[in-house]
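Listed below, chain by chain, are the residues.
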Amino acid sequence: MNENKDTRLPPHLRDIQREIEGYAREFGLDFYETIFEVLGYDEINMVAAYGGFPNRYPHWRFGMEYEQLSKGYEYGLSKIYEMVINNNPSYAYLLESNMDVDQKLVMAHVYGHVDFFKNNFSFQHTNRKMMDEMANHATRLRRIIDRVGIEPVEAFIDRCFSLENLINQHAPHFPPKSREEETEKPIEVRGFRTDREYMSHFINPKEFLDAERKKLEDARDAKKKFPEKPERDVLLFLIENAPLERWEADVLSVVREEAYYFAPQAQTKIANEGWASYWHSTIMTTRALKDAEIIDYADHHSGTMGTRPGAINPYKLGIELWRHIEDRWNKGRFGKEYDECDDLRARRAWDRKLGLGRQKIFEVRKHYNDVTFIDEFLTADFAAEQKLFVYGFNEKANRWEILDREFQKVKKKLLQQLTNFGQPIIEVVDGNFENRGELLLAHRHDGVDLRIDYAKDTLVNLQAMWRRPVGIVTRVDGKGVLMRYDGRDHTDRKVEL
Amino acid sequence: MPLKIKQDHSRFREIIRGRIKENLRKYIQKGEMIGKKGKDLITIPVPSIDIPHFRYGHKEQGGVGQGDGAPGTVLAPGAVEGDGKGKAGQGEGQHSLEVDLSLDELADILGEELALPRIQSKGKKNLTTPKVKYTGVHTTGPESLRHFKRTYKQALKRSIATGTYNPRVPIVVPVREDKRYRSWRLTELPQSNAVVIYMMDVSGSMGDEQKEIVRIESFWIDTWLRANYKGLETRYIIHDAVAREVDRETFFHTRESGGTMISSAYKLCKEIMDADYDSGSWNIYPFHFSDGDNWSADDTRTCITLLKGEVLPKVNQFAYGQVESPYGSGQFIKDLRESFDGVENVALSEIANKDAIYNSIKDFLGKGS
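What you are looking at is a predicted structure, and each value in this text was computed from that prediction instead of being measured.

A. Expanded view of the overall build of chain B. Each helix and strand in chain B was counted, giving 10 helices and 12 strands. The 369 residues of chain B split such that 31% are buried. Looking at chain B alone, contacts between residues at least 24 apart form 75% of all its contacts between residues at least 6 apart.

Structure representation (structure tokens):
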């Protein structure tokens, strides 16, 4: 970013900020202090390309994001309105050229996000000083580059990115396992049987017993699996066990840490964007809008909420779901009595005037991520109202088609898309496969095959880190396959699953 | 102050252009954004590099969408997002227009890629052509250049001013003084006409693959020369034992058989030059592609004499590309090399296969003459 430029809010935007912040507090939003900065379009594109941070390590991937963002902007196709970082204090960026009504909308939206960051359980274990941490990572990697050279470091980062999704998204919620606790009970060795107590020294001398114990322990160790339980955090397993150079391990742990930082945002995309949109809409329409601003607001709000057939718009789905929940709890449309009512007219007119909606949505924003949010609150009524459908690829006609509107199928598909943020679940099952030091991964197949060419190329990257041959067990067209790469050749082998 | 990210960006561009990190080349995806320009949809190419992950096979996967339509309804192309990249526009059934690279941009990239110098027309720097430019309006001039609108206006003004204009019978008759004529000036424009004369051996030994190479190469040569010259003409000659001039289509698709007499092509080339392209006012670029298998040493000698005496003095550069073929002896380029070693405006290049086209273009155009 341009260090010389003053990016602080100009006075009239400061006033707007104070106003909006007041409304947000009035509604009970609970957020970190939020610092707004004003940036030009190329700067905001840069920050967005850097994942929201002003400072990242050098890598072409950020340049690629930047190109897409700036092309979209230059051709007038897309524009970044807002950008906010999960950090304490929170940083948010405004686009310099926006109208004041846009800035209002963005600020209200941002307070929604920051409230969500602060309170939602998924973000509980994220680093709230990530702004500093990212800068530290950048410095660390720059130093490594100075020492080793850009080519090897960049090539290694490419490999890391190839494996970046192999983390355990639930890991932050478990305490790290401490190694000391896992010490095993020593094995009791009896030796030869003897009836005469005084003879035991001679029949089972201490040296003999020790040797015997050692033998048994070795046998137990040999039988022991490595890792003992399948490990979802493949990156951690590599950092701890792969024969990496020190700088390589360092780079890998940077990539892993950042992947964990961004993971909750991917897990709560619908709930989070929906929540922020719910609040910008509530704040704008009930408090902040001036008469003259209504048309522009409506235009931009509807632009954000636009849907198209082939994709879910998280803003739209989210905001509608939050409103749906609020409405249900306001009218008391939940619980046994409502669920068991099969009189359509009674259901339509159901209103117990409970007024619990607000309270309920605040509760939900604390304890749910996208998967649980959808699972619990996406009802058949809602799916029909929102015209949700399942689409798929018609191989014969070579085109995408709408397949089904049945509620159960829609919900199942949606949940499947969201589980493990739409990534296949892969774990390390053996770090010493066939006792030859080979690394074996397993894909927990859930109905959809892996993309084979990508899987093969990913194995190449994995092998480069593990140095010994690597393999993955998966299912292709219903049959178990072990794909293996030994550093030179790819081989496939049938396996029983 | 430039943005920090420009470094990352230029590195990305270099990967896309294949300058560095060739191992990533196969992951380059031709993404596109779709936008609207007037009535038309335009697609803007946004290349990206997709680092391989363990991920689901794309088409098997499907997803959940939102909107109208019964089961079986087809989703418009582009409606399903690849991987969250390209953004779709609205509306369907409109014409889509590709805003890919323009030929100029392509030429720029080519020039940059191969480090080609801009072409300088040697010894013809002072050469100009008079160009007629209409610059104004006069009260005198030939009738053929009469400016109808201005004349009419003038006549109308006059008839209104003198009160002879009758709106019900709006007849306006211009008199001598009303008449206005376009006037012109001659400007001297620097010479920028160029002609490329492509000659190709189509004897039995030139197979489809060889012709494909010639076609690709001539496309790039065309592109580069077009970026350097405003008016570029192209002529095509094919030859086996006899030469004839053909159009572009025929040039690339003819397959003859029989022997090869290269001199026939050079003779025809000379005739074309003599007839249509005065070397004083044209930049002339003959390109000849062959597999290098000439009929006889005698004919080769005729060729060399022709080149030396008639062709070389008139052209900017004579280029000979020899495509490797399983049948040809490839002797011709050796003979040329012997005779024209060190001659400035002769470029010789051997093209072993498609991959060699790059270097061969560089051989041809790298001199910048």
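B. Main features of the overall build of chain A. Each helix and strand counted, chain A has 20 helices and 10 strands in total. In chain A, which comprises 497 residues, the share counted as buried stands at 37%. Contacts in chain A between residues at least 24 apart in sequence constitute 70% of all its contacts with a sequence separation of at least 6.

C. Geometry of the interface of chain A and chain B. Opposite the 62 residues of chain A that make contact, chain B presents 44 residues. Elements that contribute at least two residues to the side of chain A that touches chain B include exactly helix 2 (41-49), helix 3 (60-74), helix 6 (150-163), strand 4 (388-394), strand 5 (399-404), helix 19 (407-418) and helix 20 (452-466) of chain A. Ranked by residues supplied to the side of chain A that touches chain B, first place goes to helix 3 of chain A with 9 residues. Taken together, the residues of the side of chain A that touches chain B break down into 30 nonpolar, 17 polar and 15 charged. Pairing geometry for strand 4 of chain A and strand 3 (residues 63-66) of chain B, over 4 bridges, is antiparallel. In the sheet register, Val390 of chain A faces strand 3 of chain B, and the bridge partner there is Val64 of chain B.

D. The arrangement of the sheet that holds strand 8 (residues 470-476) of chain A in detail. Residue and element names in this part refer to chain A. Pairing is mixed in the open sheet, where 5 strands are placed in the order 6-7-8-9-10. Edge positions in the sheet fall to strand 6 (425-433) and strand 10 (490-494), since each has one partner strand and no second. Each strand axis lies, on average, 25° off the axis of its neighbour in the sheet, ignoring direction. One ladder, built from 7 bridges, connects strand 8 with strand 9 (residues 479-485); its direction is antiparallel. Paired with Val473 across the two strands is Leu482, which belongs to strand 9.

E. Inspection of the sheet that holds strand 4 of chain A at higher detail. The 3 strands lie next to each other as 5(A)-4(A)-3(B), forming an open sheet whose pairing is antiparallel. Of all the strands in the sheet, just strand 5 of chain A together with strand 3 of chain B have a single pairing partner and so form its edges. Within this sheet the neighbouring strands show an average axis-to-axis angle of 50°, counted without direction. As judged from the 5 bridges shared by strand 4 of chain A and strand 5 of chain A, these two strands associate in the antiparallel manner. Bridge pairing links Val390 of chain A to Asp404 of chain A in strand 5 of chain A. Along the sheet, helix 19 of chain A makes contact with strand 4 and strand 5 of chain A together with strand 3 of chain B, crossing strand 3 of chain B at roughly 120°.

F. Up close: unusual backbone geometry. Residues and elements named next belong to chain A. Note the cis peptide between Asn88 and Pro89, where omega equals 0°. Mapping Pro89 onto the fold places it in the loop between strand 2 (82-85) and strand 3 (90-95). Its identity as a non-glycine residue notwithstanding, Asn435 has a phi of 55°, on the positive side. Mapped onto the secondary structure, Asn435 falls in the loop between strand 6 and strand 7 (438-444). Overall, the presence of 8 C-beta atoms within 10 Å leaves Asn435 in the exposed class. At Asp477, a residue that is not glycine, the phi angle is positive and equals roughly 50°. Following the sequence through the fold, Asp477 ends up in the loop between strand 8 and strand 9. By the C-beta count within 10 Å, which is 6 here, Asp477 ends up exposed.

G. How the structure looks around the confidence of the model for chain B. Residue and element names in this part refer to chain B. Per-chain confidence: chain B averages 76 in pLDDT, with 75% of residues scoring 70 or above. The least confident element of chain B, judged by mean pLDDT, is strand 4 (residues 96-98) at 39; the most confident is helix 4 (residues 148-162) at 91. Low pLDDT, under 50, characterises residues 82-101; the predicted model gives this stretch 36 contacts beyond four residues in sequence or across chains. Both scores are available for the predicted complex, with the pTM at 0.67 and the ipTM at 0.80.

H. Summary view of the pairing of strand 6 of chain A. Residues and elements named next belong to chain A. Of the pairings in the sheet, the one linking strand 6 to strand 7 comprises 6 bridges and is antiparallel in character. What sits directly across from Glu427, in strand 7, is Ala442. The turn joining strand 6 and strand 7, which pair antiparallel and follow one another in sequence, is formed by 4 residues; a positive phi near 55° is taken by Glu434.

I. Structural context of the nonpolar core. Counting 76 residues, the largest nonpolar core has Val47, Ala108 and Tyr111 of chain A as the members making the most contacts within it. With 10 residues, the top contributor of residues to this core is helix 4 (residues 100-119) of chain A. The next biggest cluster of nonpolar side chains, apart from the first, holds 52 residues, and it includes Ala194, Val214, Cys269 and Phe332 of chain B.

J. Summary view of the confidence of the model for chain A. Scored by pLDDT, chain A comes out at a mean of 88, with 95% of its residues at no less than 70. The secondary-structure element of chain A with the lowest mean pLDDT is helix 7 (residues 200-203) of chain A, recorded at 79, while helix 16 (residues 357-367) of chain A shows the highest, at 95.

Conventions adopted
Residues numbered from 1 in each chain as written. Chains lettered and ligands numbered in written order. Predicted model: local features only at pLDDT ≥ 70, side-chain atom pairs only at ≥ 80, totals over all residues. Helix = DSSP H or I, 4+ residues; strand = E, 2+ residues; numbered from the N terminus. Buried ≥ 20, exposed ≤ 12 C-beta atoms within 10 Å, placed from the backbone. Contact = placed C-beta atoms within 7 Å. Nonpolar A, V, L, I, M, F, W, Y, C, P; charged D, E, K, R; others polar. Pairing = 2+ DSSP bridges. Axes fitted to C-alpha atoms, helices over the stretch in contact; angles between N-to-C directions. pLDDT = per-residue confidence, 0-100. Core = buried A, V, L, I, M, F, W, Y, C linked by C-beta atoms within 7 Å.

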